[in-house]
Amino acid sequence: MTRLPALAVSVLTASALLTAGTAEAASPPFTGSVFRATHNSYSGNVDGAKNSVAYQLDHGVRFVELDIHDNGYATSHDYGVGHDSPGNLVDHSGGNPASNNLRDWLATVNTWSAAHPAAAPIVVMLDLKDDLTDNPNFAAGNLTALNQELESVFGSRLLQAKDYPAGQPTVDALRGRVLPLLSGDAGTRAEYKRDVGYHPSVALNGRGQVVEVHDSGAGTLWYWTGTYGADGRITWLRHGKYDNGQTPAVALNDNGDLVEVHQSQSATTLWYRVGKLGADGEITWQASHQYDNGVLPSVTFTGGTQLREIHRSQGNSQNWTWNGTLSGTTVAWTGNAKTSDARFPTATATSGSRTVTVRTAADGPTPAQTLRADTPGVTGDRIRYRQVAFDEFQKGDSAELQDGALFYGAPATESAFITSARQAGKLVRGWDFDSAGQATTPLASYPASNHPYDAWYENLLTQNGAVQ
């Protein structure tokens, strides 16, 4: 038998021990882990015993909750942090921001994260205390504005929902990242995942800019703007309300000039609006003007500033046409006459090799009026906000909010819900987790406590291998 030199034996033994140690220290899967979490993190010692947000992060908390309101957005150009209203139960001491502005509170988390790149991923949950769906556009603080705020504050540290790794990412793979999560108002959370509407119409220009318009079915008109990607997928940039009416149609030229036509909601008058599409995807709209009577208007650019509109008579099946010239903020319409030409297609637009069709159809559990878009590269994509944030599913929510949800949430007393969701591989928040008797098996991923430094909580989290 050949004997190895003592040094070789020593090296092999050390190598074996190192390999075993590495296996034992392998990073756990993110969804299988437990993390320290606080409830109403902004309330510090005003409501509970949590201290400042930075103190919480220093002491291992990896789930921060900020309750936000939008009713003061027009004045502050930001969302307000607070429980029942901006400033309510907010602890501004201990290094917390002096203001109630969401951006300042997000910046606190970002500053800490930047200084601790090896920390386990931090979830920043925004509990929506107000309905954001009634905010008519970006300037009024709709979900596009919220997306932009998250992106501008956290930058490359932000792990967007659309970029969440497939499979089972480990905690180590996500260290240094911040995951935004939407909770609260169910209607807002649902609209974040999809939009609904009637009579969608679309325009596409040679620069790959896309404008979609539709009516709500209840008298309001809305738009989406986006860009057509090389893979055929449309990235939707801005969304907003622009008028009242129904059956809209839109035309767009390569300069970003657009002309929209629609029928009034309660009569058969026809109206048009001129708009300008900006590089950021926002539309600057001009005043609405009546140009005729009729129904089902359609419009297209026939040249740089030349237009043609065709609509149907309000009294019979006869089609009528107008020629238009776009000049500044208005259109000069001439040549009104009967025509045997068909109305222009409103739901499909083509420019060069690019084509986009918009329609409504359910997508799994979503409503039948869910807005969808087809291109040669992608079929049935939802027209919706960019999925920057994750969307929480709570007990009692609709099936569409559960569909594809990674994060679940419930009061800590809902032990059956928490246990079932954990067993299904979800990340589960149990809020108001203020007693060891509320512990489940397995424990909630985020037992969100108002007293995170009590001995019972510290012991429970240590026993369950809480990750920092």
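Residues numbered from 1 in each chain as written. Predicted model: local features only at pLDDT ≥ 70, side-chain atom pairs only at ≥ 80, totals over all residues. Heavy atoms only, no water.

The chain is annotated in an unreviewed UniProt entry as Phosphoinositide phospholipase C, Ca2+-dependent from Amycolatopsis heterodermiae.

Caption draft 1: Highlighting the confidence of the model for the chain. When the pLDDT values of the chain are averaged, the result is 94; 95% of them are 70 or greater. Overall, residues 1-24 carries pLDDT values under 50, and its contacts beyond four positions in sequence, including any with other chains, amount to 2 contacts. (pLDDT = per-residue confidence, 0-100. Contact = heavy atoms within 4.5 Å.)

Caption draft 2: Region of the structure containing unusual backbone geometry. In this structure, Pro442 follows Thr441 across a cis peptide bond, with omega equal to 0 degrees. Relative to the assigned elements, Pro442 resides in the loop between β26 (427-431) and β27 (446-449). Unusually for a residue other than glycine, Asn40 sits at a positive phi of about 50 degrees. Tracing the sequence through the fold places Asn40 in the loop between β1 (37-38) and α2 (53-58). Judged by relative accessible area, which is 3%, Asn40 ranks as buried. A positive phi is found at Asp432, a non-glycine position, where the angle reads about 60 degrees. (Helix = DSSP H or I, 4+ residues; strand = E, 2+ residues; numbered from the N terminus. Buried < 20%, exposed > 50% of the residue type's maximum accessible area, 1.4 Å probe, protein only.)

Caption draft 3: Region of interest: the sheet that holds strand β9 (residues 234-244). Across the sheet, which stays open at both edges, the 4 strands sit in the order β6-β7-β8-β9 with antiparallel pairing between neighbours. One side of each edge strand has no neighbouring strand; the edge strands of this open sheet are β6 (198-204) and β9. The mean inter-strand angle of the sheet, taken between neighbouring strand axes irrespective of direction, is 20 degrees. Pairing between strand β8 (residues 220-228) and β9: 9 bridges, direction antiparallel. (Pairing = 2+ DSSP bridges. Axes fitted to C-alpha atoms, helices over the stretch in contact; angles between N-to-C directions.)

Caption draft 4: Representation of the pairing of strand β4 (residues 122-128) within the structure. Counting buried positions along β4 gives 7 out of 7 residues, so the element sits mostly inside the fold. The alternating pattern of β4 places Ile122, Val124, Leu126 and Leu128 and Val123, Met125 and Asp127 on opposite faces, both of which are buried. As judged from the 6 bridges shared by strand β2 (residues 63-69) and β4, these two strands associate in the parallel manner. Its bridge partner being in β4, Val64 is matched across the sheet by Val124. As judged from the 7 bridges shared by β4 and strand β5 (residues 178-184), these two strands associate in the parallel manner. Following the sheet pairing, Leu128 is matched in β5 by Gly184. For the handedness criterion, the β-α-β arrangement of β4, helix α5 (residues 143-154) and β5 is classed as right-handed. (Right-handed = clockwise from strand over helix to strand, strands pointing away.)

Caption draft 5: Representation of the packing of helix α4 (residues 102-115) against α5 within the structure. Two numbers describe how α4 lies on α5: the axes approach to 9 Å, and their chain directions differ by 35 degrees. Seen from above, α4 lies across α5 with right-handed handedness. Contacts between α4 and α5 involve Leu102, Arg103, Leu106, Ala107, Val109 and Asn110 on the former and, on the latter, Leu146, Glu149, Leu150, Ser152, Val153 and Phe154. (Left-handed = near helix turned anticlockwise from the far one by under 90°.)

Caption draft 6: Focus on the environment of Thr170. Tracing the chain through its elements places Thr170 in the loop between α5 and β5. The spacing of Thr170 and Thr441 is 271 residues in sequence and 21 Å in space, taken between C-alpha atoms. Setting aside anything within four residues of it in sequence, one finds Thr170 in contact with Ser27, Pro28, Pro29 and Phe30. Polar contacts involving the side chain of Thr170 include one to the main-chain amide nitrogen of Ala173, which spans 3.1 Å. (Polar contact = N/O pair within 3.5 Å; in protein donor to acceptor, adjacent residues only side chain to side chain.)

Caption draft 7: Just the packing of aromatic side chains, in detail. According to the stated counting rule, one finds 23 aromatic pairs in the structure shown. Note on Phe433 and Tyr457: the rings are 6.4 Å apart at their centroids and 70 degrees apart in plane angle, and the pair reads as edge-to-face. Here Phe433, found in the loop between β26 and β27, pairs with Tyr457, found in helix α9 (residues 455-463); they are 24 residues apart in sequence, far enough to count as distant. Each member of the pair, Phe433 together with Tyr457, is buried. Three or more aromatic residues joined by ring pairs make a cluster, and in this case those are Phe30, Phe35, Phe63, Tyr164, Phe390, Phe407 and Tyr446. Of note, Arg238 hangs over the ring of Phe138, and the distance from its end group to the ring centre comes to 3.6 Å. (Phe/Tyr/Trp six-rings, centres within 6.5 Å; stacked < 30°, edge-to-face > 60°. Lys NZ or Arg CZ within 6 Å of the ring centre and 35° of its normal.)

Caption draft 8: Focus on the pattern of salt bridges. If you walk through the whole model with that rule in mind, you get 21 salt bridges. For the salt bridge of Glu400 with Arg194, the shortest nitrogen-to-oxygen distance reads 2.9 Å. Taken together, the residues Glu400 in helix α7 (residues 399-402) and Arg194 in the loop between α6 (186-193) and β6 connect sequence positions 206 residues apart. In this structure Glu400 comes out as buried when scored by relative accessible area, which is 11%. Here Asp341 ties to Arg308 by a salt bridge, and the two come within 2.9 Å at their closest N and O atoms. A residue pair is termed long-range when its members are at least 10 positions apart, and Asp341 in the loop between β18 (330-339) and β19 (348-351) and Arg308 in strand β16 (residues 306-312) qualify at 33 residues. By relative accessible area, which is 34% here, Asp341 ends up partly exposed. Each of Asp363, Arg372, Arg382 and Asp403 takes part in one network of salt bridges that share partners. (Salt bridge = Lys/Arg side-chain N within 4 Å of Asp/Glu carboxyl O.)

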